[in-house]
Amino acid sequence: MKIHNNISLKAYNTFGIESIATQFVEIDSIDALKEVLKYIEDHHLNYYILGGGSNTLFSQNFDGIVIHLQIKGITIIKENSNAVLLKVCAGENWHELVMWSLAQGYTGLENLALIPGNVGSSPIQNIGAYGVEVKDVIDCVEVMEVTTQSIQKIMHSECQFGYRDSIFKKSKRKYIVTAVSFNLKKNQSQVNTTYGAIQSVLIQKGIVQPTALDIANTVIQIRQSKLPDPKVLGNSGSFFKNPVISKTLFSKLQSLFPEIPHYPAPDDQVKLAAGWLIEQAGFKGKRFGEVGVHEQQALVLVNYGNAQGTEVVALAQKIQQTVLTQFGVTLEMEVNIV
Ligand code: EPU
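These remarks concern the structure in this document. (Residues numbered from 1 in each chain as written. Predicted model: local features only at pLDDT ≥ 70, side-chain atom pairs only at ≥ 80, totals over all residues. Heavy atoms only, no water.)

**Thoughts on the overall build of the protein chain**
Regarding its fold elements, the protein chain presents nine helices and 21 strands. Relative to the globule expectation of 20 Å for 338 residues, the C-alpha radius of gyration of the protein chain, 20 Å, shows essentially globular dimensions. Counting only C-alpha atoms and orienting by the principal axes, one finds that the protein chain spans roughly 60 × 50 × 40 Å. Burial analysis of the protein chain (338 residues in total) assigns 49% to the buried set. As presented, the protein chain carries roughly 15800 Å² of accessible surface, and 50% of it is formed by carbon and sulfur atoms. (Helix = DSSP H or I, 4+ residues; strand = E, 2+ residues; numbered from the N terminus. Rg over C-alpha atoms; globule rule 2.2 N^0.38 Å. Buried < 20%, exposed > 50% of the residue type's maximum accessible area, 1.4 Å probe, protein only. Areas by Shrake-Rupley, 256 points an atom, 1.4 Å probe, with all protein chains shown as cover.)

Following this line, the structure appears as structure tokens:
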């Protein structure tokens, strides 16, 4: 285990924010993870688990040890002619896994193509896009329990998955995700085209019976047209969650704004599109110094190059305040502020 001192995290977060970690360690095995957790315990250190850095905003320097989780490997646990159960280690890149699985003829991940980040973060956020959430294909999640440094298997039914939510998000200090097992299909022609934008692109392309690879390519095309590439313009995808509100508040809003986009949510509630609210509040495409709101998708905050974490947080708070005043709706940040 090699611990580095005073390391810049700029290259390790997709927002491209400068922040210095007092200590930094790359971890590529379960044993190394145990070792570093013991070291942290012995030295009473603060720590942060970093995967692909696609959902983290460093708002200041980090006084503690950043654990860059790089445990790699994909194993077939079992398979038959129709299905395969894959165990994928936390440090594998998400999009590479999606494309690799399709090349093997395994389907189920295609709607989640091009989401930045690593496999280990996928169950924490219950990542989702274009009609699919990762919970739909997760069999179980392997974690290291921080206090006992033992590996445990958390079955799907125990993961408490919700919209961008899970037991791993609720108890961040308790578990570190080390691997995720996915139930994928083989020889399957059924695909999910429920999301309107997918259907429109398929029609444009003249594809009538899309394969899973067609879906992945369509999703890639839609994402590239709407979402900034973090390599070009620093960002963390959706900065806020889409808010879920009561039917009573929704009825009031709908009478004022008949065109307001909305979706059904559990417990007789209604989900709104945060991007629409932010656009109506006048922020879409606006730049404030080194930070701004993306011109194609108002849910995405961007770093024009030299933004500081505090500037991004200040813009996010300004947006929250304006949306609350104009619509009476609270926007919750999706990104982890460190
Ligand atoms: N909209 C606007 N203005 C905007 C953005 C969106 O009016 O600037 C409207 C759209 O016209 C549409 C609705 O809002 O009626 C929804 O927009 P979109 O389909 O782009 O999806 P979203 O709800 O804004 C969510 C996820 C994305 C995911 C897409 C596609 C969240 C917080 N975001 O965005 O996930 O890619 O759906 O499924 O749930 C992410 O989490 O980082 C992320 C990018």
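**Focus on the site of the ligand**
In the vicinity of the ligand there are 24 residues, among which Tyr130, Tyr163, Arg164, Tyr195 and Glu279 approach most closely. Here an oxygen atom of the ligand sits 2.8 Å away from a polar atom, N or O, in the main chain of Ser238. The side chain of Glu279 places a nitrogen or oxygen atom 2.6 Å from a nitrogen atom of the ligand. Contact with the protein chains covers 82% of the free accessible surface of the ligand, which is 820 Å². Mapped by element, the contributors of at least two residues to the shell around the ligand are strand E9 (128-129), helix H6 (212-226), strand E14 (234-238) and helix H8 (274-280). Broken down by element, the shell around the ligand gets its largest block of residues, three residues, from H8. Of the residues belonging to the shell around the ligand, the class tally is eleven nonpolar, six polar and seven charged. (Near = heavy atom within 4 Å. Polar contact = N/O pair within 3.5 Å; in protein donor to acceptor, adjacent residues only side chain to side chain. Nonpolar A, V, L, I, M, F, W, Y, C, P; charged D, E, K, R; others polar.)

**Quick word on the layout of surface pockets**
Counted as a void, the second largest pocket has a volume near 720 Å³. If you trace the second largest pocket, you find 25 residues lining it, with Thr14, Pro116, Asp229, Pro230 and Lys231 closest to the centre. Breaking the lining of the second largest pocket down by element, the ones donating at least two residues are helix H2 (94-103), H6 and E14. Here the lining of the second largest pocket is built from residues that sort into eight nonpolar, twelve polar and five charged. Two domains each provide a minimum of three residues to the lining of the second largest pocket, namely domain 1 (4-69) and domain 2 (74-185). (1 Å grid on protein atoms, 1.4 Å probe; cavity = no way out; pocket = protein on both sides within 12 Å on 5 of 7 lines; lining within 4 Å. Points joined across faces, edges and corners; volume = space filled by probe spheres on them. Domains from an automatic or database assignment.)

**Digging into the packing of helix H5 (residues 196-205) against H6**
When two helices pack together, their arrangement is given by the angle between the helix axes and the distance between those axes. Put simply, H5 and H6 touch, their axes get as near as 10 Å, and they point 105 degrees apart. In terms of orientation, H5 lies roughly perpendicular with respect to H6. Between H5 and H6, the contacting residues are Ala197, Ile198, Val201, Leu202, Gln204 and Lys205 on the first element and Ile215, Asn217, Thr218, Val219, Gln221 and Ile222 on the second. Considering only residue class, the contact of H5 with H6 consists of seven nonpolar, four polar and one charged. (Axes fitted to C-alpha atoms, helices over the stretch in contact; angles between N-to-C directions. Parallel < 35°, antiparallel > 145°, perpendicular 65-115°, else oblique. Contact = heavy atoms within 4.5 Å.)

**A few points about the pattern of salt bridges**
Applying the stated rule across the entire model yields ten salt bridges. Notably, a salt bridge pairs Asp268 with Lys247, separated by 2.9 Å at the nearest N-O pair. Taken together, the positions of Asp268 in the loop between strand E16 (262-265) and strand E17 (269-272) and Lys247 in helix H7 (residues 247-256) put the pair 21 residues apart, joining distant regions of the chain. Its salt-bridge partner being Arg287, residue Glu290 comes within 3.7 Å of it at the nearest N-O pair. Connected through shared salt-bridge partners, Glu133, Lys135 and Asp136 make up one network. (Salt bridge = Lys/Arg side-chain N within 4 Å of Asp/Glu carboxyl O.)

**Describing the side chain of Ser166**
Among the structural elements, Ser166 can be located in the loop between strand E12 (150-155) and helix H4 (167-170). Judged by relative accessible area, which is 0%, Ser166 ranks as buried. Filtering out sequence-adjacent residues up to four positions away, Ser166 remains in contact with Pro123, Ile124, Cys159, Gln160 and Phe161.

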